[in-house]
Each structure stands twice: as C-alpha cells, then as structure tokens.
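Letter by letter, the chains look like this.
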Amino acid sequence: MVQSLILAAGIAAAGASAQATPAAAGGDSPLFATVNGKPVTLQEYEATFTNVMRQKFYHGKVPDGEMAAVREEVKDKIVQRILLVEEADRRGIKADEKAVAEQIATYDARYAGSPMWQQNRERLLPGLKSQLEEQSRLELLEKAVRGTPSLSDDEVRAYYDKHPQLFTEPEKVRLSVILLGVDPSAGGAAWQQARAEAKRLQEQLVAGGDFAEAARLRSSGRFAEEGGNAGYLHRGMLPEALQKRIDEFRIGEVAEPLDILEGVAIFRLDERVPPKKRDFVDVAQRARDLAGRDRQDAAWRDLLASLTGKADVKLVFNHTGAEPKK
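Residues numbered from 1 in each chain as written. Predicted model: local features only at pLDDT ≥ 70, side-chain atom pairs only at ≥ 80, totals over all residues. Heavy atoms only, no water.

A.B. asks: Help me understand the nonpolar core, please; the structure alone is not making it clear to me.
C.D. replies: Nonpolar side chains tend to gather and get buried jointly when the protein is soluble and globular. By size, the foremost hydrophobic cluster in this structure holds 30 residues, and its most contacted members are Y45, F49, V70, V74 and L84. Listing elements by their share of this core, those giving two or more residues are β1 (31-35), α3 (42-56), α4 (67-91), α6 (115-146) and α11 (280-310). Once residues within four sequence positions are removed from consideration, V70 is found in contact with F49, V52, F57 and V62. Residues L238, L258, A265 and F267 belong to the second largest nonpolar core, which totals 15 residues. (Core = buried A, V, L, I, M, F, W, Y, C linked by side-chain atoms within 4.5 Å. Buried < 20%, exposed > 50% of the residue type's maximum accessible area, 1.4 Å probe, protein only. Helix = DSSP H or I, 4+ residues; strand = E, 2+ residues; numbered from the N terminus. Contact = heavy atoms within 4.5 Å.)

A.B. asks: Looking at this structure, how should I read the environment of A255?
C.D. replies: Tracing the chain through its elements places A255 in the loop between α10 (240-247) and β6 (258-260). Sequence-distant contacts of A255, defined by excluding residues within four places in its chain, comprise Q202, F249, I266 and F267.

A.B. asks: Explain the sheet that holds strand β2 (residues 38-41) here, please?
C.D. replies: Note: strands within a sheet are paired through backbone hydrogen bonds, in either parallel or antiparallel orientation. Taken together, the three strands give an open sheet; going across it, the order is β2-β1-β9, and neighbouring strands pair in antiparallel fashion. Unpaired on one side and paired on the other, β2 and β9 (313-315) mark the two borders of the sheet. Direction aside, neighbouring strands of the sheet carry axes that sit 20 degrees apart on average. Note that β1 and β9 share three bridges and pair antiparallel. Its bridge partner being in β9, V35 is matched across the sheet by V313. In the packing of α3 onto the sheet, the strands contacted are β1 and β2, and the crossing angle to β2 comes to about 60 degrees. (Pairing = 2+ DSSP bridges. Axes fitted to C-alpha atoms, helices over the stretch in contact; angles between N-to-C directions.)

A.B. asks: Sorry if this is basic, but what is going on with the sheet that holds strand β4 (residues 172-181) here?
C.D. replies: Here four strands make up an open sheet; going across it, the order is β5-β4-β7-β6 and the pairing antiparallel. The open sheet has two free edges, formed respectively by β5 (229-234) and β6, since each of these has just one partner strand. Pairwise comparison of adjacent strand axes, ignoring direction, gives a mean angle of 45 degrees for this sheet. Here three bridges tie β6 to strand β7 (residues 263-273), and the two strands are oriented antiparallel to one another. Its bridge partner lying in β7, L258 is registered against A265.

A.B. asks: What is the right way to read the packing of aromatic side chains from this model?
C.D. replies: Counted under the stated rule, the structure contains eight aromatic pairs. For the ring pair Y107 and W117, a centre distance of 6.3 Å and an interplane angle of 25 degrees mean the geometry is stacked. Here Y107 is found in helix α5 (residues 97-110), whereas its partner W117 is found in helix α6, with 10 residues between them in sequence. Judged by relative accessible area, which is 27%, Y107 ranks as partly exposed. Judged by its relative accessible area of 9%, W117 is buried. (Phe/Tyr/Trp six-rings, centres within 6.5 Å; stacked < 30°, edge-to-face > 60°.)

The following block contains the structure:
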C-alpha cells in the first residue's frame, strides 16, 4: 500500500527534495497546494499525474468522463503522502537503514555496467537515499498501524456469520460437451458447415444417440477422450454469455448447438449443484485470517480519515480547470 502510494505519487529524487527548496516557495515551479503549510509544487503534481496515468490507463489516455476523478486521485495521493510523513515524524519512526543500504546496493549491482549510472551516481544518490528512507518509514508506519490483531473465537465466529458469501461455495454444474472445431479466422462457409453438422449430430443425440461415444468419435475438444465429460465448473469460470445459456438448460438436456470461440459446441447439462455454505469448523482459520485483515484495513483507513479530516489543505492551482501537461 505505502510503496505503491509513494511510487504513484511520483516522488523522484529531485521532487522529493523540492518541497524544501526555494522553487517550492515561488521559484521556477509555481505552487499547486499547501498541506499543513508544506508547499507542493505544480511540477510535483504533474509528475504524479503522469505516473498515475501510466499505471491506470493504456497509452496514458484517460477515458471520457474520468479526468476529474483522476485529478482528484492525484491530489489525494500527494496529500496523504505528506500527512503520513508527518505522522511518522510524530511517532518518531526512523528508516530501516540496513534495508535502505541493501536497496542501494541492489541499484549498484543492477546498473554496474551502465556508464550513465556510474557518471551520475554521486549526484543521484542523495535524492535516491532520501526517497528510499521515506518509503521505509512509511512502510514501518503502516505495519505499526495495522498491527497483529488478536481475535477471540467469538469474534471470528461472528465474522463468519456476518459474511456468509465469503464461505459459500458457488453453484457449480457438471457438463458434457462435443466440440466441432473451427478456426476463428475461417470464413463463413466453414462455420456454416460446422453448424449444419452439429445440428444433425444434436438431433441424433436427442433421438437417443450415445453422447459419450459421439464425443470420442467426433469431438475435437480436450474432453473427447473422457466422452465429453468436462467435469464440474463453478459459476464465474465460464464466459457470461455462455453461463446465461447454461442457466436455462434442463438436467439431461442435449442443447441446441452454440457458437463458441473454438467452434460449434453441443452441451449437455449432467448435474447442477446449488451453492453451499461451508461449516465453520472447516473454514475457521480462513475466517480468522479474513477478519484480521479486515480489522487491519479498518485501522489503516481510520488513520487516513483522521489525518485528512484534520489537515489544512489549500489549493493554489485549480487542477480541475486546466489539464496538467503530460
């Protein structure tokens, strides 16, 4: 969480130190905002914006109607990072210097053969070290806030009772299938031929033909050797459109042929098993793990809400009125 927050916030070595430089107070880069009196430059905002764009959207293009939400997300990430650093300061949390040194050694090893790294290492190292130290401090802060929840058996059981969907096996169906394969790139004639052949075969099966034997002889699918038996499939494993059709099948019915990606398929629904909630004794440890994780997440959310609720955030640049340059 913290690591992705830092990376998404775009804290490059220069950007990390820019908050304390004259530029932040009105030099080359104008102010974007102040957070509890700490300046955030427009340059830092733009760098964060670019990083978020690259992480969230293919080719860095925001879908129509989502720009305002992305800008708000960028602002929130910057604000949260500053507030979390302040909280780490209040708690006296220091960076794990050994871990930071190991990370720097990893950079040295990775770029040992890079002339550019060797030429610029001394100039880049202070900013990189500062960034890694901040990352370490915020990770330690998050670890401290989340803690290791101690849950009673009654609390775990209450969580199990309150969240039945987490402990319920979804509906599953047992299917048999015969596939008359067609190359997806084949022309219409090949598909029409497969559909006609599948229709004739389906009619034979409805009239009493042996499905398993037909699958062994005619199917090109991977279940042919098992007589077409595809086994049990949980809801969600099949494409939604196909699942909707299967929901309409009756047990034992040999359905009308359907076009699927691999060709034309004939399905038979052999069994439908309804959802089943697992007994508590079988999932007690999973319930304890999930309840503990939820409590940790709640503690972290509460901290963020408390910090942001008390923060003095003043926007100088109207990020909703003009698009930051990319």
